[in-house]
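What follows is each chain in one-letter form.
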Amino acid sequence: MKNRNKKIYSSWPAGGQAHNQKSGRHPGQRLALACFLGALLIIASLSCAVNPVTQKREFMLLSPSDELSLGQQTNTEIIGMYGVYQDAALNEYISTVGQKLVSVSHQPDLPFNFQIMDSPVVNAFAVPGGYVYVTRGILAYLNDEAELAGTMGHEIGHVAARHSAQLYTRAQAAQIGLSIGAAMSKTVQKFAGLAEAGLNVLFLSFSRDHERQADDLGVLYSSKAGYEGDHLANMFVTLEKLNPSSGKDGLPTWLSTHPNPPNRIEAVKKAAADWKAANPGAVAAVNRDQYLRKLDGLVFGDDPRQGYVDGQVFYHPGLKFQFPVPAGWKVNNTASQVQIISAKEDAAMILTLASEKTPDEAAQVFVDSNKASVLSSELKTVNGFETRKLKFALKTEEGNLAGLANFIKKDDRVMMFLGYSLESQFNSYSEAISATLNGFKALADQTKINVKPERIKIIKADRTDSLANILKPYSFNADKQKQIAIMNAMELSDKVGAGTLLKIITK
Ligand SMILES: [Zn+2]
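Residues numbered from 1 in each chain as written. Predicted model: local features only at pLDDT ≥ 70, side-chain atom pairs only at ≥ 80, totals over all residues. Heavy atoms only, no water.

Undergrad: Before we move on, can you summarise the overall build of the protein chain with the specific residues and values?
TA: The secondary structure content of the protein chain amounts to 19 helices and 21 strands. Burial status across the protein chain gives 55% buried among its 507 residues. Long-range pairs, those at least 24 residues apart, make up 68% of the contacts in the protein chain with a sequence separation of at least 6. Accessible surface, the protein chain as shown: approximately 21300 Å² in total, 52% of it carbon and sulfur. (Helix = DSSP H or I, 4+ residues; strand = E, 2+ residues; numbered from the N terminus. Buried < 20%, exposed > 50% of the residue type's maximum accessible area, 1.4 Å probe, protein only. Contact = heavy atoms within 4.5 Å. Areas by Shrake-Rupley, 256 points an atom, 1.4 Å probe, with all protein chains shown as cover.)

Undergrad: Any details on the nonpolar core? Residues and values, ideally.
TA: One finds Ile-94, Leu-139 and Leu-148 to be the most contacted residues of the largest nonpolar core, which totals 67 residues. No other element matches helix H6 (residues 145-160), which puts 7 residues into this core. Residues from two domains meet in this core; each of domain 1 (64-300) and domain 3 (461-506) gives at least three. For Ile-94, the contacting residues outside a window of four places in its chain are Phe-114, Ile-116, Val-134, Leu-139, Leu-148 and Met-152. Core analysis: the next-biggest nonpolar cluster, separate from the first, contains 24 residues, Phe-314, Met-349, Leu-351 and Phe-440 among them. (Core = buried A, V, L, I, M, F, W, Y, C linked by side-chain atoms within 4.5 Å. Domains from an automatic or database assignment.)

Undergrad: So what's going on with the sheet that holds strand E6 (residues 299-300)? Which residues, and what values?
TA: If you walk across this open sheet you meet the 3 strands as E6-E18-E21, and the pairing is antiparallel. Strands at the two margins of the open sheet, each flanked by one partner only, are E6 and strand E21 (501-506). Across the sheet, helix H14 (residues 288-295) lies against strand E18 (454-460) and E21, angled at about 15° from E21, the strand it touches most. (Pairing = 2+ DSSP bridges. Axes fitted to C-alpha atoms, helices over the stretch in contact; angles between N-to-C directions.)

Undergrad: I'd like a rundown of the packing of aromatic side chains, residues and numbers included.
TA: Summed over the entire model, instances satisfying the criterion amount to 16 aromatic pairs. An angle of 25° between the planes, with centres 4.9 Å apart, marks the rings of Phe-125 and Tyr-133 as stacked. Here Phe-125 and Tyr-133 have matching classes, each one buried. On the numbers, 5.0 Å between centres and 75° between planes, the contact of Phe-366 with Phe-392 is edge-to-face. Highlighted residues: Phe-366 in helix H15 (residues 359-370) and Phe-392 in strand E14 (residues 385-396), separated in sequence by 26 residues. For the pair shown, Phe-366 and Phe-392 are each scored as buried. (Phe/Tyr/Trp six-rings, centres within 6.5 Å; stacked < 30°, edge-to-face > 60°.)

Undergrad: Tell me about the pairing of E18, and name the residues and values.
TA: Bridge analysis of E6 against E18 gives 2 bridges, and the strand direction is antiparallel. Across the sheet, the residue bridging to Val-299 is Arg-455, located in E18. Bridge analysis of E18 against E21 gives 6 bridges, and the strand direction is antiparallel. Opposite Arg-455, over in E21, you have Thr-506 as the bridge partner.

Undergrad: Go over the packing of H6 against helix H11 (residues 232-242), please, and point to the residues and values.
TA: Contact pair H6 / H11: the axes reach a minimum separation of 7 Å and the direction vectors enclose 85°. Put simply, H6 runs roughly perpendicular to H11. Seen from H6, the contacting residues are Glu-147, Gly-150 and Thr-151; seen from H11, they are Leu-232, Asn-234 and Met-235. Residue composition of the contact of H6 with H11, by class: 2 nonpolar, 3 polar and 1 charged. (Parallel < 35°, antiparallel > 145°, perpendicular 65-115°, else oblique. Nonpolar A, V, L, I, M, F, W, Y, C, P; charged D, E, K, R; others polar.)

Undergrad: Explain the side chain of Ser-342 to me, using residue names and the numbers behind them.
TA: As for its position among the elements, Ser-342 is in the loop between strand E11 (337-341) and strand E12 (347-354). What makes Ser-342 buried here is its relative accessible area of 0%. Sequence-distant contacts of Ser-342, that is, excluding residues within four places in its chain, are made with Trp-329, Ala-347 and Tyr-429.

Undergrad: Could you give an account of the pattern of salt bridges, naming the residues involved and the relevant values?
TA: Counted by the stated rule, this structure contains 14 salt bridges. We note a salt bridge from Asp-209 to Arg-212, for which the minimum N-O separation is 3.1 Å. Taken together, the residues Asp-209 and Arg-212, both in helix H10 (residues 208-224) and 3 residues apart, mark about one turn of the helix. Judged by relative accessible area, which is 54%, Asp-209 ranks as exposed. Notably, a salt bridge pairs Arg-463 with Asp-465, separated by 3.0 Å at the nearest N-O pair. The class for Arg-463 is partly exposed, based on a relative accessible area of 34%. On the basis of relative accessibility, which here comes to 16%, the residue Asp-465 falls in the buried class. Through salt bridges with shared partners, a single ionic network connects Glu-211, Asp-215 and Arg-264. (Salt bridge = Lys/Arg side-chain N within 4 Å of Asp/Glu carboxyl O.)

Undergrad: Give me the lowdown on the side chain of Asp-303, citing residues and values where you can.
TA: Take Asp-303: it is sitting in the loop between E6 and strand E7 (308-310). Since its relative accessible area comes to 7%, Asp-303 is described here as buried. Looking at Asp-303, its side chain comes within polar contact range of the side chain of Arg-305, at 2.7 Å. (Polar contact = N/O pair within 3.5 Å; in protein donor to acceptor, adjacent residues only side chain to side chain.)

Structure (structure tokens):
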């Protein structure tokens, strides 16, 4: 959960989504219906569009302007969920490299937008309409500007060739319901607003053919923009070494959304060599040192300042609160909310900022927008905070829910802390939910507040020696050494030349 002055993302039930719930539909469903109706209207004349990359005519439900508005909506949701990494210079650098690639792409006039997501997960992705994202997690594992350009070129390729629009068209047509909380009970999940239709597009995999084409485009665009085209292959080698599982903050990893075509590395190298043969004398910059210098100080791994679990307690140093986490429940901390999910994924607690000024206003909006029945309501001081406490029940299309809600006045904000399950199971969860909601209190322990994230530091090898020997003075444990080797695309036994820049991890 990120400490923000300005609320840019309104999660359920405040704001727009609450409004949508009145109509019994989620915003994505509404959009899909609108797109579908729109598509029906124009289908006679526009059932086929020319693909900018292949120049072939293809069936497409989304028009370019639908694609743009879908992209804008999804972008707001993605930023709300993951947050933009707060480093203006680094974001600017990514944009500059991105725009160079766009100018040589098949869609040079599409207004592309490049952002760094504040997530440790190793990923880069694009959504329709020209929104391209790289995580700070993937930046930490890239080793030069040519690798960055190849990776971004690949994502720009997905947009330019309209892969994500095709994917979205298919997903909507088939009504595939994918979600952030993998196997979570559909009712609990839908109610939590976790299944944002716009975000679902991130969890869809492109086909192998799309991946092959995006690889080709990544090589083409990065080569045309003056970079060494075959460095895209280095990124695949690093990713395979990492073989990361799905990200902790709910963001899928690059490998999990990018099916790996066989011989991908060879194919990239061949495409790059072919381009060079056809364009003799072209500049092929790598810019290793420039790139690495930009990474100095980059936050690495989870950022505890945005909330962390220690023992059975969740601490938020930025917003200065803590609450107990029941044993066996999973915590998913996103930029806009903290989700605590029961082991069986059939009960959930959600802590989020309300946009109203007082606990009573926030409670009223909650009750009205969900047509909730209030079973009990009291205004109490809980751990020093004015709190409106509700016990509620409500009906959804999928079943009846029961829950508790605390609307807590802390500093100049109201925080909404909800816990709920299917009504039939509520008795078995009410005690755990009540203990967590009523355990919300101020965080004053300085040792819990003054946590620091790990950061990347760029060092220069002062002599020619093995990577292991160069790292020796830092006394990293074996796991860290391995991680640093992968991060530098090296083996610990590799010889490092004097003057070579290296990434290490420090606090
Ligand atoms: Zn891809």
